[in-house]
Amino acid sequence: MISGRKRIGLIFALGFAVLLVGGAALLLTGDSTVVLAEDLSGVNGKEIMDRVDDNHFLASARMESEMIIRDRDRETTKEMISYMESDGEVTNALVEFVNPRDRGTKYLLLDDELWMHYPDAEELVRLSGHMLEQGMMGSDFSYQDALESERLTELYQFELEGEETLDNRPVYLIDAVAREGEEVAYYQRKFWVDAERFVVLREEMYARAGRVLKEMVTTEVEEIEEGRWFPVEMVMEDLLREDTETIYRVNEIELDYDIPENMLSVEALE
Amino acid sequence: MYLLRIAFRNLFRRWKRTLLIAGMLMLAVLVFLFMESFMMGIFDLSFNNIIDFETPHITVGRAEYFAEVEDDRERALEETFIPENDLLEEIRGLEGFTALTPVLDFSADFVAGRYDYPVLVRSVEPETFPEVFKNQDYLVAGEFVEPGDEGVVIGSQLARFFDLEAGDFYTLRFQDKQGSFNTLQGEVRGIVTVPHPEMNMNTVFVSREQAAAALGLEDESVSQLMIRMADRDQARERAQSLGGQLAGSGFEVRSYRDTSDFLTALEVFGYVEIYFILVLFLLVGSIGIISALVLAALERVEEIGMMKALGLKRSQIVRVFLVEAAGIGLLGGAAGVILGLIGVGFLTTLGINLDLIMDPEALGLPLAGRLYGSWNLSSFVVMFVFVVILAVVSSVIPAYWAASKNPVDAIHHR
């Protein structure tokens, strides 16, 4: 059950959660205006993505969610509670795992730094370099995915490639290519954006050489405020690996959550 | 001569005791010589494996590149460079220079089937790589990469992990210079098993042309220049001199020992360990000598008194005891050296199967298979002399104690 409040803001979810919901959609900032379906004939790709950004922006939130990692016949479920806040420029987030096996494991995102705390380890670990390419907690989400918290509209050039139907929903197909000189994890992305609800229903992420690396499909969307739709279940698939997928499901989200002071800090993580 | 005869005769009056103490000294010598040979074998082989398969005698790269690698950060693609002719000429002009090959190292995930595994990708120039490294001599399947090849050569352990054979499909996923994910894919061209276990799991080889393009780098970009010298003894000195010539250029020059500081530290620790064991053995031996001479003095109190009564000076009596102790040292040292020659001889010719006695990989040693000892003849001489001197030094106090006895009291001590 999702309880939404007041205002729409930037959403980020440290790798999991909403962060990866369509990548772009989750990360962008914008004016907190509820977007309703309307006649958008003649719009371009950037305008559509701006609407998506606006639809997903969260100023602060608390979220209870779970991640189901499927690897051929094996299935692992990880439960987590996330806290996030953003001023539109800097995004900070904390994810704490609460399932018995991973209880106490925490990830902290402070703008472009990612910290990890294992309960058994004495020290905090800052994830950097090649570690960021690894799958987060064995999932199909990489740590690098979590770090891309800049506005996608600043990182990519969007082009509306056409209008299609996806699972009986009218969608815009938008092609995004990294802007010259911008450092992005995925050089190219394709978004299938619900033309009425402005939610990314499907996303493909490409390597620079053109090979598709990952695919994310939104399998459930909920209206958390009037006219504001939000993806609450999505499936991420690392297409380089066989027979694996990760389902991310938001069980509860509280918008405009009053995050305790210093909670999103390295000191608190220690 | 007379005193020598007395000392020699005394040596065998309590022959069991003499043999026991000499045996202790022999054991000290033998253990030290054997362990030293074993340790030298381990580190000789380890350094040779590093030189032949990982980092050769000398490596040249940007100082910042080495710093980033040491900090366990990403292999910084922005610290790659295109070698200028002046630099190459300077390297080729080094005394003892044998060969040079450029490499472009970067981190990636090796992906096949359901799994991925982080590896170091070494992009090589196939024409010059064999002049510096020996990896291609250890192919167990397929062939080594060719210029412009889209294939990859992997280690046997990695092949086993992914259940791959030559001809199977692979993907490498990595981030290019702009931080974007990119991939290389193709066939597994070959599989190698080198006597450096870590490399069999963690390192893969691709053609440099292919890698540079995929990383968004210029074709000639390299991360390091790898240099082979005529022998490894020259490496440190030449690395220092080349480092001096390149000072202020932003380049850093490292010898194989600089690039394997863990192994260097382990070597120091290893020697500390065997010297510690040696000290323990010698301490027991020296206590044995002291107690043997004290016992001898107690047993020969009357005899000492008689010798003094017959006019022998104190220094002559001391000399008898010192010679007796030296005799024990000579016996122990000689036996230790002879057995050491036999033991080390076996170790250097027959070797030991490392798998039976230790797990080199768990210790972080770049070793596998059979280990052969190394000869260090100077240690044989030094140990022999040292044991004799130790025996003599240990006997000084008991000898003076024995010689200081009053002849009258000594004769009538009962």
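Residues numbered from 1 in each chain as written. Chains lettered and ligands numbered in written order. Predicted model: local features only at pLDDT ≥ 70, side-chain atom pairs only at ≥ 80, totals over all residues.

Draft legend 1. Molecular detail of the overall build of chain B. For chain B, the helix and strand inventory stands at 16 helices and 12 strands. Dimensions of chain B, computed from C-alpha atoms along their principal axes, come out at roughly 100 × 50 × 30 Å. Expressed as a percentage of the 414 residues in chain B, the buried residues total 45%. (Helix = DSSP H or I, 4+ residues; strand = E, 2+ residues; numbered from the N terminus. Buried ≥ 20, exposed ≤ 12 C-beta atoms within 10 Å, placed from the backbone.)

Draft legend 2. The overall build of chain A, seen in detail. Within chain A one finds five helices and 13 strands. Here chain A holds 270 residues, and 47% of them are scored as buried. Sequence separation of at least 24 residues holds for 56% of the intrachain contacts in chain A that already meet a minimum separation of 6. (Contact = placed C-beta atoms within 7 Å.)

Draft legend 3. The arrangement of the packing of helix α13 (residues 314-349) of chain B against helix α15 (residues 377-403) of chain B in detail. Residue and element names in this part refer to chain B. As a packed pair, α13 and α15 sit with axes 7 Å apart at the nearest point and diverge in direction by 150°. Relative to α15, the element α13 is oriented roughly antiparallel. Here α13 and α15 pass one another in a crossing that is right-handed. Within the contact of α13 with α15, the residues separate by chemical class into 23 nonpolar, seven polar and one charged. (Axes fitted to C-alpha atoms, helices over the stretch in contact; angles between N-to-C directions. Parallel < 35°, antiparallel > 145°, perpendicular 65-115°, else oblique. Left-handed = near helix turned anticlockwise from the far one by under 90°. Nonpolar A, V, L, I, M, F, W, Y, C, P; charged D, E, K, R; others polar.)

Draft legend 4. Up close: the pairing of strand β6 (residues 169-175) of chain B. All names here are of chain B. Among the seven residues in β6, six count as buried, and that is most of the element. One ladder, built from three bridges, connects strand β2 (residues 97-112) with β6; its direction is antiparallel. Residue pairing in the sheet places F110 in a bridge with L172 of β6. Bridge count for β6 against strand β7 (residues 181-192) is seven bridges, and the pairing is antiparallel. Bridging across to β7, Q175 finds its partner in F181. (Pairing = 2+ DSSP bridges.)

Draft legend 5. Structural context of the interface of chain B and chain A. In this complex, chain B contributes 21 residues to the contact, which on the side of chain A involves 22 residues. Breaking the side of chain B that touches chain A down by element, the ones donating at least two residues are β2, β3 (115-124), β6 and β7 of chain B. Residues of the side of chain B that touches chain A, tallied by class, amount to five nonpolar, nine polar and seven charged.

Draft legend 6. Structural context of the domain arrangement of chain B. Residues and elements named next belong to chain B. Domain boundaries in chain B define domain 1 (2-49 + 264-411) and domain 2 (56-258). Using only C-alpha atoms to locate each centre, domain 1 and domain 2 end up separated by 49 Å. Across the boundary between the two partners, domain 1 contributes eight residues, which contact seven residues of domain 2. In the side of domain 1 that touches domain 2, the residues fall into four nonpolar, three polar and one charged. (Domains from an automatic or database assignment.)

Draft legend 7. Highlighting helix α3 (residues 63-70) of chain B. All names here are of chain B. For α3, every residue scored as buried is listed here: Y65, F66 and V69. All buried residues of α3 fall inside an arc of 95° around its axis, so they share one side. Contact partners of the buried residues in α3: β1 (58-62) and β10 (251-255). (Arc of directions from axis to C-beta.)

Draft legend 8. Looking closely at the nonpolar core. The biggest cluster of nonpolar side chains holds 122 residues, and the ones touching the most others in it are V193 of chain A together with F110, I154 and V204 of chain B. Broken down by element, the residue count for this core peaks at eight residues, all from β2 of chain B. Ignoring anything within four residues of it in the chain, the contact list for V204 of chain B reads F110, V119, V121, V152, V153 and I154 of chain B. The next biggest cluster of nonpolar side chains, apart from the first, holds 48 residues, and it includes F32, L33, I317 and L331 of chain B. (Core = buried A, V, L, I, M, F, W, Y, C linked by C-beta atoms within 7 Å.)

Draft legend 9. Up close: α15 of chain B. For α15 of chain B, built from 27 residues, the straight-helix expectation of 39 Å at 1.5 Å per residue is met to within 8% by its first-to-last C-alpha distance of 39 Å. Along α15 of chain B, the sharpest kink reaches roughly 40°, centred on V396 of chain B and followed within four residues by the proline P398 of chain B. (Expected span 1.5 Å × (residues − 1). Bend = angle between axes of the 7 residues up to and from the residue.)

Draft legend 10. Summary view of the packing of helix α2 (residues 15-53) of chain B against α15 of chain B. All names here are of chain B. Two elements in contact, α2 and α15, have axes separated by 11 Å at closest approach and are oriented at 155°. The angle between α2 and α15 falls in the class roughly antiparallel. Crossing handedness for the pair α2 and α15: right-handed. Taking contact as the criterion, the partners of L25, V29, F32, L33 and E36 in α2 are, on α15, S379, F380, M383, V387 and A391. Of the residues in the contact of α2 with α15, the class split is eight nonpolar, one polar and one charged.

Draft legend 11. Structural view of the pairing of strand β8 (residues 203-207) of chain B. Residues and elements named next belong to chain B. Of all five residues in β8, five are buried, a share of seventy percent or more. Burial along β8 is two-sided: T203, F205 and S207 facing one way and V204 and V206 facing the other are all buried. Both β3 and β8 contribute to a ladder of five bridges, which runs parallel. Paired with V121 across the strands is V204, a residue of β8.

Draft legend 12. Local environment of the confidence of the model for chain B. Here chain B averages 86 in pLDDT, while 96% of its residues score no lower than 70. Overall fold confidence (pTM) sits at 0.75, and the ipTM for the predicted complex is 0.75. (pLDDT = per-residue confidence, 0-100.)

Draft legend 13. Structural view of the environment of M35 of chain B. Residue and element names in this part refer to chain B. Mapped onto the secondary structure, M35 falls in helix α2. Judged by C-beta crowding, with 18 C-beta atoms within 10 Å, M35 ranks as partly exposed. It is 40 Å that separates the C-alpha atoms of M35 and R62, two residues lying 27 residues apart in sequence.

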